[in-house]
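Results of the structural survey
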4 protein chains.
Amino acid sequence: MAAEPEHSVHIKSLELERLVFFSDAVFAIAITLLVLDLRAPERTGLDPAATLGAGLAHLAPKIVSFVMSFWVVGLYWFVHHRIFRHIRRWDEGLIWLNLLLLFWVAFLPFPVSVMGSFGDQRLAVVFYAGTLLMMGLSHLLLWRHASRDNRLLDPDFDPLEHRRIWSRSAVPPIVALAVIVLAFIVPKPGMAAFGFALIWPLQRILAPRAPRAAGRVRGTAR
Amino acid sequence: MAAEPEHSVHIKSLELERLVFFSDAVFAIAITLLVLDLRAPERTGLDPAATLGAGLAHLAPKIVSFVMSFWVVGLYWFVHHRIFRHIRRWDEGLIWLNLLLLFWVAFLPFPVSVMGSFGDQRLAVVFYAGTLLMMGLSHLLLWRHASRDNRLLDPDFDPLEHRRIWSRSAVPPIVALAVIVLAFIVPKPGMAAFGFALIWPLQRILAPRAPRAAGRVRGTAR
Amino acid sequence: MAAEPEHSVHIKSLELERLVFFSDAVFAIAITLLVLDLRAPERTGLDPAATLGAGLAHLAPKIVSFVMSFWVVGLYWFVHHRIFRHIRRWDEGLIWLNLLLLFWVAFLPFPVSVMGSFGDQRLAVVFYAGTLLMMGLSHLLLWRHASRDNRLLDPDFDPLEHRRIWSRSAVPPIVALAVIVLAFIVPKPGMAAFGFALIWPLQRILAPRAPRAAGRVRGTAR
Amino acid sequence: MAAEPEHSVHIKSLELERLVFFSDAVFAIAITLLVLDLRAPERTGLDPAATLGAGLAHLAPKIVSFVMSFWVVGLYWFVHHRIFRHIRRWDEGLIWLNLLLLFWVAFLPFPVSVMGSFGDQRLAVVFYAGTLLMMGLSHLLLWRHASRDNRLLDPDFDPLEHRRIWSRSAVPPIVALAVIVLAFIVPKPGMAAFGFALIWPLQRILAPRAPRAAGRVRGTAR
């Protein structure tokens, strides 16, 4: 299987493409459904300008929850993108672990909705960060399943990229766990959720480096 | 048609790809829309922590309904995936039978919503299991249409895989029928719905085995 | 351009594929959003079995509206599928006419919602059938744009298939027009909407026939 | 990298295709979710014909908001389509800038909902046009990132097309800015939003022309 003929590579892509496509669709729908919690305030007769201004101000926590969640889901999508870039084969375990991941993606709009209304409550923060923790753990399970013994990967897979994916994929669940812990420590649990903003700098700091890693432009799948 | 030139295989994929893509999109949307029944409880002024706790507890039946339905739809998607993996040609009947299947997929959020609110009622369980029964029967019709005389299949299609798909595809509707019968027998009809969890072990038990069946890793479409 | 090299065919597919993909996604989302009008009835405390039974009975017009609309949209999707099977090139006009068509597809859940609540009212039937009429006319415009002088079609396009697509595409808007007229004639305007069921037999009757037309199985895009 | 072997072009397409696909899905979902603000009016017992007529008339501002927004999003989708037609390579910056663009696309249903209810209020118009302004600026950032030094483009990229994309992409955000300014000048701020209709004629007027630009039919990606 090391040197597949061109034809078989092609067909294989079709199979994996469908899995990836289905995942992308679930990601795209979940990320776009988040906005359904943001609706215009009720228009009451007297002073529409004041109603609108107060209504938008009242929606501020929901808007913050939307913005944060969009970027966290986008980040997870990028991790998923990165993992599947290297997967060349599939088995049934890959499909079920991918479904487990998509389960948490599809479930997310619910904790986001809870955060939008109860973002100052510890239970809401734990529920939200817990869902993101499970999403992160599912990513790790998926990657472990695919990469063990290079089973489902490109045969000439770069070990440096392997470590890079591990560190990238590990950051979001670790941050989610830290947010849960913080929610029990800090006096205002809602503040803990802002810890998710640490994902981006941490991923940069923890990424294993290589001379060619900076400013790479890619024209191929490697 | 047994030995198609590379070019024609390519074009054909495009045609079938669109059918498969459309199906995947409907599956992905339906599976993700299920979450729309899960919304944050209304925030009333007095004690938000208690409101949230009680609200989430109150949503428990809807959450159970969501979790179960996500996995059943995911299972059906996998069966669909499995069927179309072997389909190489199409005719108008395939398109209409596939639309019949998608009809039940698109309809499902309604019985799921009914289960979420009336999960203890016999009528709700029958309505829900009945929809899943129809979805299962549509799969069987689709597969029978495609596989009769190998009409739409890969010419060198493995007969063992044929039996495997039959037994796989037959389990969900049989379980759905059993759930409907159970709903009339057991004193608490809502319990009958948990019978759907039997799909996974039953599929394992009933699958025809072959030496190479265990732990297969696939790099090609066969 | 008659004999394009393999490479250019490939790239072209990518371009058109994106157009087709976007259209499929809008079709799939619109067809699946139709179900959002079907929600579980409100659970009121006293007699849940009676509440559910009465609630489902009350939803019957919405269910009928959903079923009918799913199949009409499915039919339009199939016509779209049929048209784009023959399109090999694109220009800006194709994109805007396709967007015009998608506009009516995306708009449809609104008249479907109106039909679900006011299906016995002439205005609702006219609004609903009028939207389907516009969708059908957009299809005809799209096909006329693509097929005039074979501009965007496969160079060796079969003239019989051309007539077949015209008759197929013309049936839904003609039926929609007939439903509008009927809504002003029959004493119960809601009954007129069932005229849409005539699309299927009419398409069969009006289709130009050819010896090879019956029971065709297709492995290629021609 | 100037002359890639056929195989590598292929794989690259897969990578970029996923990015483009995800974007298309978000565009398609956002454009279709806009309709969720259009629901049938509540049916009250006395005179359904009058209720429906008055209800539809009452929904007119929401319908106008839907129609305008559909076409503006469709236009942005077309600009995105046009930009990615020339992109042949990707880097991480492209992915994040594309996510920034998708953020505004996914956010749009909220300002559209606000416009539907408060379309006569200056704050609503500024909020709506501001979102479209950000969407337009994200497009410009994306294109600048991709086209600087031809980094991510087709090596033999046509400089005229470069200028054409700049002028095309610049028109929508300039118009959005003009609408914001107008909303502070004109006595009825809601009227300012109709300025978006100027995008189409302005794009035609400002497009750099070339002899072969008129009525082009494309069979290839150039």
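Residues numbered from 1 in each chain as written. Chains lettered and ligands numbered in written order. Predicted model: local features only at pLDDT ≥ 70, side-chain atom pairs only at ≥ 80, totals over all residues.

**Notes on the relation of the copies chain A and chain D**
After a rotation of 90° and a shift along the axis of 0.0 Å, chain A superposes on chain D with an RMSD of 0.0 Å. Given the turn and translation reported, the copies of this chain are related as if by a four-fold rotation axis. Both copies present different contact surfaces, since only 10% of the interface residues of chain A are interface residues in chain D too. (Least-squares fit on C-alpha atoms with pLDDT ≥ 70 in both. Contact = placed C-beta atoms within 7 Å.)

**Some words on the packing of helix H6 (residues 122–147) of chain C against helix H7 (residues 159–185) of chain C**
All names here are of chain C. Their axes nearest at 8 Å, the elements H6 and H7 cross at an angle of 160°. By the criterion of interaxial angle, the relationship of H6 to H7 is roughly antiparallel. Taken as a pair, H6 and H7 cross one another with a handedness that is left-handed. Tallied by class, residues from the contact of H6 with H7 come to 18 nonpolar, six polar and one charged. (Axes fitted to C-alpha atoms, helices over the stretch in contact; angles between N-to-C directions. Helix = DSSP H or I, 4+ residues; strand = E, 2+ residues; numbered from the N terminus. Parallel < 35°, antiparallel > 145°, perpendicular 65-115°, else oblique. Left-handed = near helix turned anticlockwise from the far one by under 90°. Nonpolar A, V, L, I, M, F, W, Y, C, P; charged D, E, K, R; others polar.)

**Overview of the interface of chain A and chain D**
Listed per partner, the contact involves 30 residues of chain A and 36 residues of chain D. Among the elements of the structure, helix H1 (6–33), helix H2 (48–58) and helix H3 (60–84) of chain A are those that each provide at least two residues to the side of chain A that touches chain D. Broken down by element, the residue count for the side of chain A that touches chain D peaks at ten residues, all from H1 of chain A. Residues of the side of chain A that touches chain D, tallied by class, amount to 17 nonpolar, seven polar and six charged.

**Re the interface of chain B and chain C**
Of the residues lining the interface, 36 residues belong to chain B; the matching set on chain C comes to 29 residues. Looking at the side of chain B that touches chain C, the elements with two or more residues in it are helix H1 (6–33), helix H3 (92–107), helix H4 (109–118) and helix H5 (122–147) of chain B. By residue number, the principal contributor to the side of chain B that touches chain C is H1 of chain B, which donates 13 residues. Taken together, the residues of the side of chain B that touches chain C sort by class into 23 nonpolar, five polar and eight charged.

**Side note on the nonpolar core**
One finds Val 26 and Val 105 of chain A, Val 26 and Val 105 of chain B, Val 26 and Val 105 of chain C together with Val 26 of chain D to be the most contacted residues of the largest nonpolar core, which totals 258 residues. Ignoring sequence-local partners within four residues, the contact set of Val 105 of chain B consists of Val 26, Phe 27, Ala 30, Val 73 and Met 135 of chain B. (Core = buried A, V, L, I, M, F, W, Y, C linked by C-beta atoms within 7 Å. Buried ≥ 20, exposed ≤ 12 C-beta atoms within 10 Å, placed from the backbone.)

**A short note on the environment of Ala 60 of chain C**
Residue and element names in this part refer to chain C. Within the secondary structure, Ala 60 is located in helix H3 (residues 60–84). A count of 10 C-beta atoms within 10 Å places Ala 60 in the exposed class. C-alpha of Ala 60 to C-alpha of Gly 74: the two residues are 14 residues apart in sequence and 21 Å apart in space.

**Some points on the environment of Leu 153 of chain C**
All names here are of chain C. The residue Leu 153 is located in the loop between H6 and H7 in this model. Taking the C-beta count within 10 Å as the criterion, Leu 153 has 20 such neighbours and is therefore assigned buried. Measuring from C-alpha to C-alpha, the distance between Leu 153 and Leu 202 comes to 26 Å, with 49 residues separating the pair along the chain.

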